[in-house]
Amino acid sequence: MALEKTIYIGPFIHCETLTELDIAVHGMIGVGEDGKIAFVVRDVEGGQLSAPDGWETAKIVQTPDHGFFFPGFIDTHIHASQYPNAGVFGKSTLLDWLNTYTFPLESSFSDLEKAARIYNRVVARTLSHGTTTACYYATVHVPATNLLADVCQSKGQRAFVGRVCMDRLSPDYYRDESVESAITATRQCIDHIKKIDPKFDLVTPIITPRFAPSCTDETLKALGDLHHETGIPCQTHVSENKAECQLVKEMFPQSQSYTHVYDEAGLLTQKTILAHAVHLTKDERALIKQRKAKVSHCPASNTALTSGTAKVRTMLDEGLTVGLGTDVSGGYTSSLLAEAREAIFVSRHVAMTDGDDAKLSVEEALYLATRGGAKVVGLENRIGGFEVGKDWDAQMVTLGGVGDTVGLNQEAGLVEIFGGETWDDKVAKWVYTGDDRNTTAVWVKGKLVHQRPGFKP
Ligand code: GUN
Ligand code: FE
């Protein structure tokens, strides 16, 4: 369906650099019928807007008081199938958590009706949090994985959808039978997405070895070959938990490190997303940098499962590309805004031992959630900020009731705006006290994909 040319009027905020926001208080952004940004006016003269030639009849969408446009969030690591377990992890750590909570849940996705119910919920919920792009792990089941791709497409969320591969150290009731069956099933999921979205315009398949311990050398190698043959991206976990790292050492004695296991299989490339990266050595970070592979930082999960504190400042200083991942349900929240907050707090815990330089600022956390994530998924030329030619993947944030002048009502959630705040203050209040009640509307490729009650498109 063709989109209407639309002019978005009001403040817009996006990340200029890792440390700086660009805040345009009197902004105006034109989005064409192709869903791409056609023009950006940073400072509408005298606050008076006049549509450029050819845009006189365009539709207008204007922010309410204390509203602004912000790029959509990019969740670089989330297990869609684990959504029902968000918040349920007790005192477990990674390896017992997988056996106790995760494998039993994921195995139940042989039931396609259950899969449909959960996948519809998780896509609707992440959209409501302003997540316009998500890198999903599904399960081993081909029909349910294909269904997740269908749900992303029908709800309009940009997504990477991965069928999980695991043919070793996995329970009898939930595993791949063989290398061949893992590869065949992965190809079937790739073919399905080729059918529903031939150019991978919205939904892209992603090759997904669960993690080194749950794959035989042969499967890792075969998936590496497939990655090179097809150019399709790949995602996996690395160096999340100390017991896991020890296990990898024992299972792959010939490899120099956990990261080398992936490299030797051909799975460490510029199209690889590595989740967690908590306990990497300096050599591993150097190898990741050399291969231009990307890191998904998952602070909520790393804290919940007491995996450790990833050294984000070190990774950034060393030139690694980092984005944020909720890692539901190792992580308890499906909100990338909450994840940004967790990233800031975890960095403060690191700072308490490593020094103040480790602290991430609000601006840096928002960068990781948008531009950083865009680089992680290889779409930095299409999403992550407001520049001409980029897709309109955006959220309207309102720090007050929709259409309300004083932000102290229920609809506004917890963010209270008293009137004297600078825009920097408002953004900080959003990051620390905001939630989905502040996410008034969400667009992907120019299409409205979520709205709060009261929003008038
Ligand atoms: N490592 C292997 N599988 C998983 C998973 O499902 N979640 C997390 N956090 N780590 C993993
Ligand atoms: Fe994970």
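A short tour of the structure in this document, coming up. (Residues numbered from 1 in each chain as written. Chains lettered and ligands numbered in written order. Predicted model: local features only at pLDDT ≥ 70, side-chain atom pairs only at ≥ 80, totals over all residues. Heavy atoms only, no water.)

## Some points on the overall build of the protein
Looking only at helices and strands, one finds 13 helices and 20 strands in the protein. Taking 457 residues into account, the globule formula puts the C-alpha radius of gyration at 23 Å, and the protein, at 22 Å, falls close to it. Projecting the C-alpha coordinates of the protein onto the three principal axes gives extents of approximately 65 × 50 × 40 Å. Residues counted as buried form 61% of the 457 residues belonging to the protein. Once local pairs closer than 6 in sequence are excluded, the contacts in the protein between residues at least 24 apart make up 72%. For the protein, the distance from the average position of its 45 positive side-chain charges to the average position of its 58 negative side-chain charges is 2 Å. (Helix = DSSP H or I, 4+ residues; strand = E, 2+ residues; numbered from the N terminus. Rg over C-alpha atoms; globule rule 2.2 N^0.38 Å. Buried < 20%, exposed > 50% of the residue type's maximum accessible area, 1.4 Å probe, protein only. Contact = heavy atoms within 4.5 Å. Lys, Arg positive; Asp, Glu negative; His and termini not counted. Charge placed at Lys NZ, Arg CZ, Asp CG, Glu CD.)

## A closer look at the nonpolar core
Counting residues in hydrophobic clusters, the biggest one holds 79 residues, and the most contacted among them are Tyr262, Leu366 and Trp430. When residues in this core are grouped by element, the largest group, six residues, is from helix α12 (residues 362–376). Ranked by size, the runner-up nonpolar core spans 29 residues in total, among them Ile78, Tyr119, Tyr136 and Cys152. (Core = buried A, V, L, I, M, F, W, Y, C linked by side-chain atoms within 4.5 Å.)

## Let's talk about the coordination of the iron ion (ligand 2)
With distances of 2.1 to 2.2 Å, the protein atoms coordinating the iron ion (ligand 2) are His77 (NE2), His79 (NE2), His237 (NE2) and Asp327 (OD). Considering all four donor atoms around the iron ion (ligand 2), angles at the metal cover 89 to 172° and the coordination shape is irregular. Counting gaps between the donor residues of the iron ion (ligand 2) yields the pattern H-x1-H-x157-H-x89-D. We classify His77 as buried; its relative accessible area is 1%. (Donors = N, O, S within 2.8 Å, 3.2 Å for Na, K, Ca; no water. Tetrahedral: all angles 85-135°; square planar, octahedral: opposite > 155°, others 65-115°.)

## What to know about the site of ligand 1
The full set of residues close to ligand 1 is His79, Gln82, Leu94, Trp97, Leu98, Arg210, Phe211, His237, Glu240, His276 and Asp327. Between ligand 1 and the protein, one listed contact pairs an oxygen atom with a side-chain N or O atom of Arg210 at 2.7 Å. Here a nitrogen atom of ligand 1 and a side-chain polar atom of His276 are 3.3 Å apart. With the chains in place, 100% of the 280 Å² that ligand 1 exposes on its own is no longer accessible. If you tally residues by element for the shell around ligand 1, the top one is helix α1 (residues 94–107), at three residues. Residue composition of the shell around ligand 1, by class: four nonpolar, four polar and three charged. (Near = heavy atom within 4 Å. Polar contact = N/O pair within 3.5 Å; in protein donor to acceptor, adjacent residues only side chain to side chain. Areas by Shrake-Rupley, 256 points an atom, 1.4 Å probe, with all protein chains shown as cover. Nonpolar A, V, L, I, M, F, W, Y, C, P; charged D, E, K, R; others polar.)

## Section: the pattern of salt bridges
Considering all chains together, one arrives at 23 salt bridges under this definition. Of the charged contacts in the structure, one is a salt bridge between Arg158 and Asp393, with a shortest N-O distance of 2.9 Å. With Arg158 in strand β10 (residues 158–162) and Asp393 in the loop between α12 and β18 (394–398), this residue pair connects regions lying 235 residues apart in the sequence. On the accessibility criterion, Arg158 (2% relative accessible area) is buried. Across the pair Asp217 and Arg168 runs a salt bridge, and its minimum N-O distance is 3.5 Å. Taken together, the residues span a long stretch of sequence, with Asp217 in helix α5 (residues 217–230) and Arg168 in the loop between β11 (164–165) and α4 (179–196) at a distance of 49 residues. (Salt bridge = Lys/Arg side-chain N within 4 Å of Asp/Glu carboxyl O.)

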